Amino acid sequence: MTTLVWIQREFRVDHAPVIQAALESSDKVILAYFHDESQVIGEANSAWLAQSLLSFKETLKIHSADLWMIEGDFQESLFRLITEQNIQQVYYSYQVGSPFAQMQQTALEVCKGQKVALTPFYTEFLLEPDSMLNKQNRAYLVYTPFYKNFLSKQFQIEALDDVKQYQQQLKLAGLVTLPKAYANLPSTLQNILAQPWAKKILAHWQVGEKAAWQTLQKFIEEEMVDYSSDRDFPAIMATSTLSSYLHYGEISIRAIYFYVQTRVEQGELKADIAQPWLRQLVWKEFARHLLHWFPETEAEPFQKKYLEVKWPYDAYFVNRWQTGQTGIPIIDAGMRELWETGIMHNRVRMLVASFLTKNLNQHWLLGKKWFDNTLLDADPANNVMGWQWVAGCGVDAAPYYRLFNPVTQSQKFDKEGEYIKRWLPELKTLSNKAIHEPWAHKMECEMKRIVLGEHYPKPLVDLKQSREAHLARVNEMKVNRPQMPNNA
């Protein structure tokens, strides 16, 4: 029997149950990645994707296996491969969100037409969505009860074997002849890697399975002890920076969970130190479960009353926000960090999202799409939940009346202005007091020859006035608004 293992975002050989299962049930196994240019998340995402594919291919070669990389229309490519190679079954790891949901539906249609078995594996989750429902047999809409249920069921999480358990089988599978047409990185991804902006972003990172494990171990040994106290300070390297590795499946969320728990059990790590970070890992799981149950939220608010909110598009506002030219230092620092590195500190992500949706009154979908295009770790579930949470229209969302004040947030979490100075060098001579709101310290700006509107922009909007305008807008929703779903 010939089995196709369809790889979407699981670029690893360790803890890869879909590969292992295929090897155990088949005489011949083909590992293939399909690249359809119409089914990509964004440009920055594609840069890491390209590098990750190359890294994965090299790792497979170490085990005498290889990766088929097939470029073109997904439906046509899958149909052609099934017929040319006489494939009897297709295995894949289930993924949520766009473009994965659409491609998985297409794969189902192709396989049905060819009478080929299509088997999804849910091992990219800690626990399968069907196993994490409330007493009413519905999805959780609030994180705390979801987390409590998770803790009660965590013993059900199945450990995954490392590559040593199936290394010999993988070697034999590597004997499948790889057609020359499928041997190289897709041309569109080659073109992206050649772009100066892609080289600039990737220069900040090590990509691949080995780098993912090194990053995890470094975090545990050097940063995890201070994670709960330092995670909100953008100038401090206190977070794990594993989000991109998790998004591309270069490391398994289950493997991480078992690895950390094992170190706790062996006395190498204290449980009270590990737990705050593990809770955030389960938050990522929560986002994936939500998008599984509510796929429509990629394009519309979960809370339907927000369909009534008016979002008049302002191209100038959006452009200034995208390019880090809003005149609000902490906002601009975050947007420039994103442009330079393909990543942004989580606390700052909330601030820039709040500023766009509430101070500038621009649709959350505009922000989501920009993050999709510029974030290396543009995970569909995290991105949707994050934007809807800040905009107030998602599950377990921040109240509509809550706006993050970027100045007070900046003063609290970047007191010395280190983060701002790193990304806004034009303001580095300002005092720790003035750097958070230079428009309020015009005399100091003049003394240090910083002309607002020339060397650094004046604020796009008045923070107090824009806050009041936002509250006035959302108050309109109180009249004749649709109710929340029954499972809220």
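Residues numbered from 1 in each chain as written. Predicted model: local features only at pLDDT ≥ 70, side-chain atom pairs only at ≥ 80, totals over all residues. Heavy atoms only, no water.

Our focus in this paragraph is the pattern of salt bridges. In this structure the tally under the stated criterion is 14 salt bridges. Two residues, Lys 218 and Glu 222, come together in a salt bridge whose shortest N-O distance is 3.2 Å. On the criterion of helical spacing, the pair formed by Lys 218 and Glu 222 is a turn pair, its members being 4 residues apart in helix H9 (residues 209–223). Judged by its relative accessible area of 41%, Lys 218 is partly exposed. Judged by relative accessible area, Glu 222 falls into the partly exposed class, the value being 48%. A salt bridge links Glu 268 to Arg 263, with the shortest nitrogen-to-oxygen separation between them at 3.3 Å. (Salt bridge = Lys/Arg side-chain N within 4 Å of Asp/Glu carboxyl O. Helix = DSSP H or I, 4+ residues; strand = E, 2+ residues; numbered from the N terminus. Buried < 20%, exposed > 50% of the residue type's maximum accessible area, 1.4 Å probe, protein only.)

Within the secondary structure, Leu 463 sits in helix H22 (residues 463–475). What Leu 463 contacts, discounting residues up to four positions off in sequence, is Ile 328, Phe 355, Asn 359, Asn 405, Pro 406, Val 407 and Trp 439. (Contact = heavy atoms within 4.5 Å.)

Attention now goes to the pairing of strand E4 (residues 89–93). In regular strands, side chains alternate between the two faces of the sheet. Among the 5 residues that make up E4, 5 are buried, leaving the element largely enclosed by the rest of the structure. Covered by surrounding structure in E4 are Gln 89, Tyr 91 and Ser 93 together with Val 90 and Tyr 92, the residues of both alternating faces. As judged from the 4 bridges shared by strand E1 (residues 2–7) and E4, these two strands associate in the parallel manner. Paired with Val 5 across the two strands is Tyr 91, which belongs to E4. The β-α-β motif built from E4, the intervening helix H4 (residues 100–114) and the parallel element strand E5 (residues 117–121) has right-handed crossover chirality. (Pairing = 2+ DSSP bridges. Right-handed = clockwise from strand over helix to strand, strands pointing away.)

Right, let's get into the sheet that holds E5. Here 5 strands make up an open sheet; going across it, the order is E3-E2-E1-E4-E5 and the pairing parallel. If you trace the sheet from one side to the other, it starts and ends with strand E3 (68–71) and E5, each paired once. Neighbour-to-neighbour, the strand axes of this sheet turn through a mean angle of 30°, independent of strand direction. Against the sheet, helix H2 (residues 43–62) makes contact with E1, strand E2 (28–35) and E3, and its axis sits at roughly 165° relative to E2, the strand it touches most. Strands in contact with helix H3 (residues 74–85) are E1, E2, E3 and E4; relative to E2, the strand with the most contacts, it is inclined by about 165°. (Axes fitted to C-alpha atoms, helices over the stretch in contact; angles between N-to-C directions.)

Looking now at the confidence of the model for the chain. For the chain, the average pLDDT comes to 93, and 96% of its residues sit at 70 or higher. Averaged pLDDT values for the elements of the chain fall to 80 in helix H6 (residues 167–173) and rise to 98 in helix H14 (residues 315–322). When the criterion is pLDDT under 50, residues 482–488 qualifies, and its contacts beyond four places in sequence or with other chains add up to 11 contacts. (pLDDT = per-residue confidence, 0-100.)

This next bit is on the packing of helix H12 (residues 253–265) against helix H13 (residues 271–293). At a minimum axis separation of 11 Å, H12 and H13 run at an interaxial angle of 165°. On the basis of the axis angle, H12 is roughly antiparallel to H13. Handedness of the crossing formed by H12 with H13: left-handed. Between H12, through Ile 253, Ile 256, Tyr 257, Val 260, Gln 261 and Val 264, and H13, the contact on the second element is made entirely by Ala 271, Ala 274, Trp 277, Leu 278, Leu 281, Val 282 and Glu 285. (Parallel < 35°, antiparallel > 145°, perpendicular 65-115°, else oblique. Left-handed = near helix turned anticlockwise from the far one by under 90°.)

Moving on, we get to the nonpolar core. The biggest cluster of nonpolar side chains holds 111 residues, and the ones touching the most others in it are Leu 170 and Trp 277. With 9 residues, H13 is the largest single contributor of residues to this core. Apart from the residues within four sequence positions on either side, Trp 277 is in contact with Leu 216, Phe 219, Met 224, Tyr 227, Ser 240, Leu 242, Ile 256 and Val 260. Listed in part, the 50 residues of the second largest apolar core include Leu 338, Met 344, Leu 351 and Tyr 419. (Core = buried A, V, L, I, M, F, W, Y, C linked by side-chain atoms within 4.5 Å.)

This part is about helix H17 (residues 364–374). Counting buried positions along H17 yields 8 of 11 residues, so the element is predominantly enclosed. Residues of H17 that are buried: Trp 364, Leu 365, Gly 367, Lys 368, Trp 370, Phe 371, Asp 372 and Thr 374. Buried-residue contacts for H17 involve H2, H14, helix H15 (329–341), helix H16 (346–359) and helix H18 (380–391).

With that out of the way, let us pick up the side chain of His 345. Within the fold, His 345 resides in the loop between H15 and H16. Overall, His 345 belongs to the buried group, its relative accessible area being 9%. There is a polar contact of 2.9 Å between the side chain of His 345 and the backbone oxygen of Arg 231. Apart from the residues lying within four places of it in its own chain, the contact partners of His 345 are Arg 231, Asp 232, Phe 233, Pro 234, Thr 239 and Glu 337. (Polar contact = N/O pair within 3.5 Å; in protein donor to acceptor, adjacent residues only side chain to side chain.)

Let us now look at the packing of aromatic side chains. Going through the model one piece at a time under the given rule, you end up with 29 aromatic pairs. Residues Trp 283 and Phe 286 carry aromatic rings whose centres are separated by 5.8 Å and whose planes lie at 50° to one another, so their mutual orientation is tilted. Linking Trp 283 with Phe 286, this pair stays in helix H13, spanning 3 residues, or about one helical turn. With a centroid separation of 5.1 Å and an interplanar angle of 70°, the aromatic rings of Phe 371 and Trp 387 are classed as edge-to-face. With a gap of 16 residues between them, Phe 371 in helix H17 and Trp 387 in helix H18 connect regions that are remote in the sequence. For the pair shown, Phe 371 and Trp 387 are each scored as buried. (Phe/Tyr/Trp six-rings, centres within 6.5 Å; stacked < 30°, edge-to-face > 60°.)

On to unusual backbone geometry. Residues Ser 98 and Pro 99 are joined by a peptide bond in cis, for which omega reads 5°. We note that Asn 137 has phi near 65°; this positive angle belongs to a residue other than glycine. Here Asn 137 is to be found in the loop between E5 and helix H5 (143–153). Judged by relative accessible area, which is 58%, Asn 137 ranks as exposed. For Arg 449, which is not glycine, the phi torsion reads 55° and is therefore positive. In this fold, Arg 449 is placed in the loop between helix H21 (442–447) and H22. Residue class for Arg 449 comes out exposed when judged on its relative accessible area of 72%.

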